[in-house]
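Close look at the chain arrangement
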Amino acid sequence: ATKNLHSYRPIEPSSIKNSHNVFRTMLRQPKPYKILSCPIKCSVEKNLVGKICIVTGASRGVGRGIALGLGEAGATVYVTGRSLETPSEGFGVLGGTISATAQLINDLGGVGIPVQVDHGNDEEVRALFERVKAEHGRLDVLVNNAWGVPMDIDNLEGSPKTFWEQGPRYYDAMFPVGVRSTFVASCLAAPLLMGPQREGPGGLIVNVSSFAALTYTFCVTYGTAKAAVERMTSDMAFELRPFDVACLQLWPGVVRSERMNYLDQKGELPSAFNLSRSESPIFSGRAVAALVADHARAMLSSGQRVVTAELAEELGFTDEDGTQPPSIRDLRHMVPFVCDTIGMPSPPAWMLPAFKVPFKEMEGEPPEWLFKPPAKPE
């Protein structure tokens, strides 16, 4: 039987007063969990040949990684974004185009199809789905990854820190392309993911989110938008379940995206995003590919959060280097991270159990050593 991805040993709420002592509390727990002493290596099967997929926002980052993960398994992937041959205005320093992503998919043995789409334009989005319907008559997978991110959100060009300094500009970037675009694409995809034109099980909607839905990350608007997508996913899953269509959230860990690598090279990467325990973008792609290949497993997680590293631990796929990075909420990630941040030596890896901190204990305000609140003006 498939084990519950979200199961954990319960901890009495009275034993944890706030997020600052959660690590100490977890270290006092028994250690009944198996520790992975060596990486599990597996070959990538071409088990998605004939699957029709759309990945939005696939020029770079997690979107590109998901497109490549589906492509290396043999899928046909429509990759969308604004940058067809040259990076979008303001993103040249990061690079990345949908044409380049499509070519990489072809090189990996899949079929990559670049389609230039502004996901803030409903007519362009509608034309995409009409094209897929005309060419294939159905859709197997929709990955909603497109996200309107101002270039200065993480200090690429120097960002305002507080919501009152940012004003509505950040909101107007992330909610139209991020929240609303996820809803619009899902509306257009749903009829193609179900119905008599299909053979076999229904399709899958993957909404890319993150731990920012639980706790402060970057700014107020970012977390609010991610939380909105989380609720949208849950409610969509409820309405899609009778049609055998799964809808779930994918939560990557710290990802070595072009943006993160750039910040790291400039020495501007916040301590919360230590790349020494990070994932490659294609790790998210292999998570999605594993769910597409096992529809029953996807339905089990419909409406829920699927953490890439935790799914890998369960199903056995690996990152591009053959390793399985631990989940952000796994003590094997959290304890070394905390020790690095506060300048303490980390205990040996064999001492740390594969224990997952409950999502509930990660909600709310982060500790100040992780994200410092804005300073009062003098």
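None of the values given here were measured: they were computed from a predicted structure. (Residues numbered from 1 in each chain as written. Predicted model: local features only at pLDDT ≥ 70, side-chain atom pairs only at ≥ 80, totals over all residues. Heavy atoms only, no water.)

**Comments concerning the overall build of the protein chain**
In plain terms, the rule: Under the DSSP-based scheme used, a helix requires at least four consecutive residues in state H or I and a strand at least two consecutive residues in state E, with every element numbered from the N terminus. Relative accessible area decides the class of each residue, using a 1.4 Å probe on protein chains only: under 20% of the type maximum gives buried, over 50% gives exposed, and in between gives partly exposed. By definition in these notes, contact holds between two residues if any of their heavy atoms fall within 4.5 Å.
Assigned secondary structure in the protein chain consists of twelve helices and seven strands. Burial statistics for the protein chain: of 378 residues in total, 56% are counted as buried. Counting only contacts in the protein chain whose residues sit at least 6 apart along the sequence, the fraction spanning at least 24 positions is 74%.

**Overview of the environment of I98**
For I98, the position within the fold is in helix α3 (residues 98-107). Taking relative accessible area as the criterion, I98 reaches 0% and is therefore assigned buried. Between the C-alpha atom of I98 and that of R64, which follows or precedes it by 34 residues, the distance is 8.2 Å. Apart from residues no more than four positions distant in its own chain, I98 is found in contact with A58, S59, V79, T80, G81, S83, L84, P114, V115 and Q116.

**A look at the sheet that holds strand β1 (residues 52-55)**
The condition is simple: Two strands are counted as paired when DSSP detects at least two bridges linking them. Throughout, an axis means a line fitted to C-alpha atoms (over the contacting stretch in the case of helices), and angles, computed between N-to-C directions, take values from 0 to 180 degrees.
Strands sit in the order β3-β2-β1-β4-β5-β6-β7 across an open sheet of seven strands; the sheet is parallel. Both outer strands of the open sheet, β3 (111-116) and β7 (305-307), are each paired with one neighbouring strand and no more. Taken over all neighbouring pairs, the strand axes of this sheet differ in orientation by 25° on average, direction set aside. Judged from the three bridges that link them, β1 and strand β4 (residues 141-144) form a sheet pairing that is parallel. Counterpart to V55 in the pairing with β4 is V143.

**Topic: unusual backbone geometry**
Among all residues except glycine, the phi angle is most often negative; among peptide bonds, the trans geometry is most common. A positive phi angle, close to 65°, is found at D244, a residue other than glycine. Structurally, the position occupied by D244 is in the loop between α7 (220-240) and β6 (246-251).

**Some remarks on the confidence of the model for the protein chain**
Test applied: The predictor attaches a confidence to each residue, called pLDDT, with possible values from 0 through 100.
Per-chain confidence: the protein chain averages 79 in pLDDT, with 73% of residues scoring 70 or above. Segment residues 1-42: pLDDT under 50, and 79 contacts once partners within four positions in sequence are set aside and those in other chains are kept.

**Details of the pattern of salt bridges**
Where we set the bar: The salt bridge definition used is simple: a Lys or Arg side-chain nitrogen within 4 Å of an Asp or Glu carboxyl oxygen.
Tallying each qualifying case throughout the model produces nine salt bridges. One salt bridge connects D140 with R138, and the closest N-O pair in it is separated by 3.0 Å. On the accessibility criterion, D140 (5% relative accessible area) is buried. Note on R138: relative accessible area 22%, which makes it partly exposed.

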